[in-house]
Amino acid sequence: MQQPKPGTALVFEACENFRELGGYVGCGGKRVRYGVFYRAPALANLHTPADREHFLSLGIRTAFDFRSESERALAPDPEFPGVKNIAVNALFTPDGSEQNFDLEEIVRSKAGLRLLTEGVHEGYVRMPFENPAYKALFAAILADETPVLFHCTAGKDRTGVAAALILRTLGVSRKDIIADYLLTNHYRVRSGAAFCKTLEQMGVPAPLAAQVARVGSGVRRKSIESALDAIDARYPRFEDYLAEQLGINAAALAHLRATYLF
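Throughout what follows, the structure given in this document is the object of discussion. (Residues numbered from 1 in each chain as written. Predicted model: local features only at pLDDT ≥ 70, side-chain atom pairs only at ≥ 80, totals over all residues. Heavy atoms only, no water.)

**Remarks on the pattern of salt bridges**
- This structure, assessed with the given rule, holds 13 salt bridges.
- The salt bridge partner of R174 is D229, with a shortest N-O separation of 2.9 Å. Linking R174 in helix α7 (residues 174–187) with D229 in helix α10 (residues 221–234), this pair joins segments that are 55 residues apart in sequence.
- Residue classification places R174 among the partly exposed positions, given a relative accessible area of 33%.
- Given a relative accessible area of 40%, D229 falls into the partly exposed group. (Salt bridge = Lys/Arg side-chain N within 4 Å of Asp/Glu carboxyl O. Helix = DSSP H or I, 4+ residues; strand = E, 2+ residues; numbered from the N terminus. Buried < 20%, exposed > 50% of the residue type's maximum accessible area, 1.4 Å probe, protein only.)

**Focus: the sheet that holds strand β2 (residues 37–40)**
- Across the sheet, five strands lie side by side as β1-β2-β5-β3-β4; this open sheet has mixed pairing. The sheet terminates laterally at β1 (19–20) and β4 (84–87), the two strands that pair on one side only.
- In the sheet, strand β3 (residues 62–65) pairs with β4 via four bridges, with the strands oriented parallel. What sits directly across from D65, in β4, is A87. (Pairing = 2+ DSSP bridges.)

Treat this as a map of the structure, not an account of what it does.
Structure representation (structure tokens):
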């Protein structure tokens, strides 16, 4: 059976930007295995019977929820038979507290709106380091607890960095890593329009609502580049980053590449 083009979204009725990482070219010209690594928005979006059935057909064993505690309380992940849910926040403020994305609170102030337009972008240089969420994700992958899914609210920022780290670990080129990241802008058009409408209903002026929705629903190339550049600036060898930040030594890296490339 012919596999889809890398980065192609899985088709769900009510869930956008649900993708897998299979098919990208990694080390030695081998490709990332299909049906192993899934990236998604909040699983509460899987609310139709057909979507739930489709999700279960993927055989996912472990699902990581990278949202803050308040985000999880607003839209808890549903329980799926045979799926182990792991909640571990992936984005923190500079003082070390969880980054909160309460929409109603955010739109009440200029500081809140700035969080959506610039604050998340600034978090990209912090996310790759001392991050318990990514350590837990890679520990599960290394333990072969796959297929694995990881998600945040929109499946773009915290999820995007996680996807980039997995792809880079498997030797995928920077060009393809960035291209995969930017696909969010293609797959979240409908969500962006709905977000803009919600902001306007909450009293945000239409021009500002359009700007915030565009940035808040999509991604910018400079964001993922800032994360990748921050890693390279601190660790000239990516292998040193993996060992110190994610606990992956040379033997573990060899195991990952032997297991998840074909």
